[in-house]
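A closer look at the structure
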Amino acid sequence: MEKHIVIVGGGFAGLNLIKTIGDDDRFRITLVDRNNYHFFPPLIYQVATAFIEPSHISYPFRKLFSKYSNVSLYMASLERVVPEENKIVTDEGTLHYDELVLALGTETNFFGLENVRKHALPMKTIDEALYIRNHILQNLETASRNAKNDSVQSLINIVIAGGGPTGVELAGMIAEMAGYIAEKDYPDIAFGHSNLYLVDALPSVLSNMSDTAKKTAYDNLKKLGVNIKLNVSVKDYVEQQVILSDGTKIPTQTLIWSSGVIGRTIEGIPELSLAKGKRIIVDANNLVSGFKNIYAIGDICINMTDPEFPKGHPQVAQVAIQQAKLLGKNIKSKAKNNPLKPFRYNDKGSMAIISKYNAVVDLPKFSFNGIFAWFTWLFIHIIPLTGFRNRFRLAAEWFRLFITNNASIRMIMKPRKEN
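The structure presented is a predicted model; accordingly, all values stated were derived computationally and were not measured. (Residues numbered from 1 in each chain as written. Predicted model: local features only at pLDDT ≥ 70, side-chain atom pairs only at ≥ 80, totals over all residues. Heavy atoms only, no water.)

**Remarks on the layout of surface pockets**
The calculated volume of the second largest pocket comes to roughly 570 Å³. Going through the elements one at a time, helix 5 (126-145), helix 6 (152-156) and helix 7 (165-185) are the ones with two or more residues in the lining of the second largest pocket. Counting residues per element, the lining of the second largest pocket draws most heavily on helix 7, which supplies nine residues. (1 Å grid on protein atoms, 1.4 Å probe; cavity = no way out; pocket = protein on both sides within 12 Å on 5 of 7 lines; lining within 4 Å. Points joined across faces, edges and corners; volume = space filled by probe spheres on them. Helix = DSSP H or I, 4+ residues; strand = E, 2+ residues; numbered from the N terminus.)

Put into structure tokens, the structure is as follows:
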């Protein structure tokens, strides 16, 4: 009999699991996702800054699965798991499973700051990235019409909370585009001083990378005119003012939040199976603590059985991909009553792009930066894209943009039904 495997979440983890077991007719696989497409999160900030189109980093699930006769998409959002009945409840109906794989990823962590949650701009989905793009462009248009008003400063100031790779890459992109584009497109606005702030509670940017990477990123962002504020955190966001822990107030209508993530709440998974940050505790085979047929992979889980990572693995794409591939192999082994292999993470390093022709790369044994690191970053981020057409289009678009310094998609588009 076919074993029905339900996978919730079509990110790196879910997609790579399907690629591993999708050609095995012993399994019937249903992917549950609220979107009908897979997208590439590491480049989402380039969508938010009007550098590339969403279609460059996304691909429809149904086209991805067209070669698998045993894989189907169930477009819905998970509401709860009912383990005692081997079923999940979604906003579109109920699905029964033989084995369940939770690969939902994480959501933005606002650390209990209610005003920040209400008014800051997170950037974890395509929808949120497009909202940021429209918001920034709309603010510039408003500032251009009101260039002599006192309110113009809050319109053109941008605060980015979080100095990790996402915050650094976003700050570098916005700073460069401001220099190349904003002053030409909006001559009425007086960009007299830096209007871009990068805030982090830690003593350095890129805190999890090498000292070389930290210094390179800091120095280059400063050269681009970014106001970097370290050892301070955002405490509130009131009346279009970001309030920092040292008392500083920054007038702005744009607070972009890249400061942290937390596991998605899943009703039906008990508190005893959760660790700090709502991450689901799994064993060496990614089996959820307390269950026999529910697995969790990717950012949402924490595995503390790996000798090299006793506190759990970093929440990065490579962990999700490697966990998914091993789980797929283990599912096949389990079907044959063969022994399972424990998960051991192969750390391939980390990287961040800072500005045009400058990036930082940390490999397990050495680090480097500059133009070679920049080309490495470009190459590494082209390879995982789904579909040859996407790779070609993005490579061509990057080449054009880096030559011309002029993104051509600075249109404000807000889809809505006309009355």
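**Structural notes on the sheet that holds strand 25 (residues 367-370)**
Strand pairing within a sheet occurs via backbone hydrogen bonds; the two strands may be parallel or antiparallel. Strand order in this open sheet of three strands is 23-24-25, and the pairing throughout is antiparallel. The open sheet has two edge strands with one neighbour each: strand 23 (350-355) and strand 25. This sheet shows a mean twist of 10° between the axes of neighbouring strands, independent of strand direction. Where strand 24 (residues 358-362) lies against strand 25, four bridges are found, and the strand directions are antiparallel. Looking at strand 25, one finds that Ala359 is bridged to Gly370. Running at roughly 100° to strand 25, helix 10 (residues 371-382) makes contact with strand 23, strand 24 and strand 25 of the sheet. (Pairing = 2+ DSSP bridges. Axes fitted to C-alpha atoms, helices over the stretch in contact; angles between N-to-C directions. Contact = heavy atoms within 4.5 Å.)

**With respect to the sheet that holds strand 16 (residues 241-244)**
The antiparallel open sheet is built from three strands, whose spatial order is 15-16-17. For this open sheet the edge positions go to strand 15 (234-238) and strand 17 (249-251), each flanked by a neighbour on one side alone. Ignoring which end each strand starts from, the neighbouring axes of this sheet average 20° apart. As defined by bridge partners, strand 15 adjoins strand 16 across four bridges and the pair is classed as antiparallel. Bridge pairing in strand 16 places Tyr237 opposite Val242.

**Structural notes on the packing of aromatic side chains**
This structure, assessed with the given rule, holds ten aromatic pairs. Geometrically, the ring pair formed by Phe309 and Tyr345 is tilted, given 5.4 Å between the ring centres and 55° between the ring planes. Of the two residues, Phe309 sits in the loop between strand 22 (301-303) and helix 9 (317-335) while Tyr345 sits in the loop between helix 9 and strand 23, which places them 36 residues apart along the sequence. Given the relative accessible area of 18%, Phe309 is considered buried. By relative accessible area, Tyr345 is classed as buried at 9%. Note on Tyr357 and Trp374: the rings are 4.8 Å apart at their centroids and 70° apart in plane angle, and the pair reads as edge-to-face. Of the two residues, Tyr357 sits in the loop between strand 23 and strand 24 while Trp374 sits in helix 10, which places them 17 residues apart along the sequence. An aromatic cluster is defined as three or more aromatic residues linked by ring pairs; in this entry it consists of Tyr357, Trp374 and Phe375. (Phe/Tyr/Trp six-rings, centres within 6.5 Å; stacked < 30°, edge-to-face > 60°. Buried < 20%, exposed > 50% of the residue type's maximum accessible area, 1.4 Å probe, protein only.)

**Here we look at unusual backbone geometry**
A positive phi angle is found at Asn231, which is not glycine, with a value near 60°. Within the secondary structure, Asn231 is located in the loop between strand 14 (227-230) and strand 15.

**A word on helix 1 (residues 12-21)**
Counting buried residues along helix 1, nine of its ten residues qualify, which places the element largely inside the surrounding structure. Along helix 1, the residues that are buried comprise Phe12, Ala13, Gly14, Leu15, Asn16, Leu17, Ile18, Thr20 and Ile21.

**Section: the environment of Lys414**
Within the secondary structure layout, Lys414 lies in the segment after helix 11 (388-404). When the C-alpha atoms of Lys414 and Leu196 are compared, they prove to be 25 Å apart, with 218 residues separating the residues in sequence.

**Concerning a nonpolar patch on the surface**
Residues Tyr357, Ile371, Phe372 and Phe375 make up a contiguous nonpolar surface patch of roughly 430 Å² in combined accessible area. Take Phe375: it is sitting in helix 10. (Patch = residues over 30% accessible without salt bridge, like charges linked within 9 Å, V, L, I, M, F, W, Y side chains within 5 Å. Areas by Shrake-Rupley, 256 points an atom, 1.4 Å probe, with all protein chains shown as cover. Salt bridge = Lys/Arg side-chain N within 4 Å of Asp/Glu carboxyl O.)

**Let's talk about a negative patch on the surface**
On the surface, Glu79, Asp91, Glu92 and Glu267 cluster together to form a negatively charged patch. Assignment of secondary structure puts Glu92 in the loop between strand 7 (87-90) and strand 8 (93-96). (Lys, Arg positive; Asp, Glu negative; His and termini not counted. Charge placed at Lys NZ, Arg CZ, Asp CG, Glu CD.)

**What to know about the pairing of strand 7**
In strand 7, alternate side chains face the same way, and those of Lys87 and Val89 on one face and Ile88 and Thr90 on the other are all buried. Relative to strand 7, strand 6 (residues 78-82) runs antiparallel, the two sharing four bridges. Note on strand 7: the bridge partner recorded for Arg80 is Val89. Between strand 6 and strand 7, which pair antiparallel in sequence order, lie four residues; one of them, Asn86, sits at a positive phi of approximately 50°. Inspection of the sheet shows strand 7 paired to strand 8 by four bridges, in the antiparallel sense. The residue bridging Val89 from the neighbouring strand is Thr94, located in strand 8. Linking two consecutive strands that pair antiparallel, namely strand 7 and strand 8, is a turn of two residues.

Remember, this is a structural readout, not a statement about activity or role.
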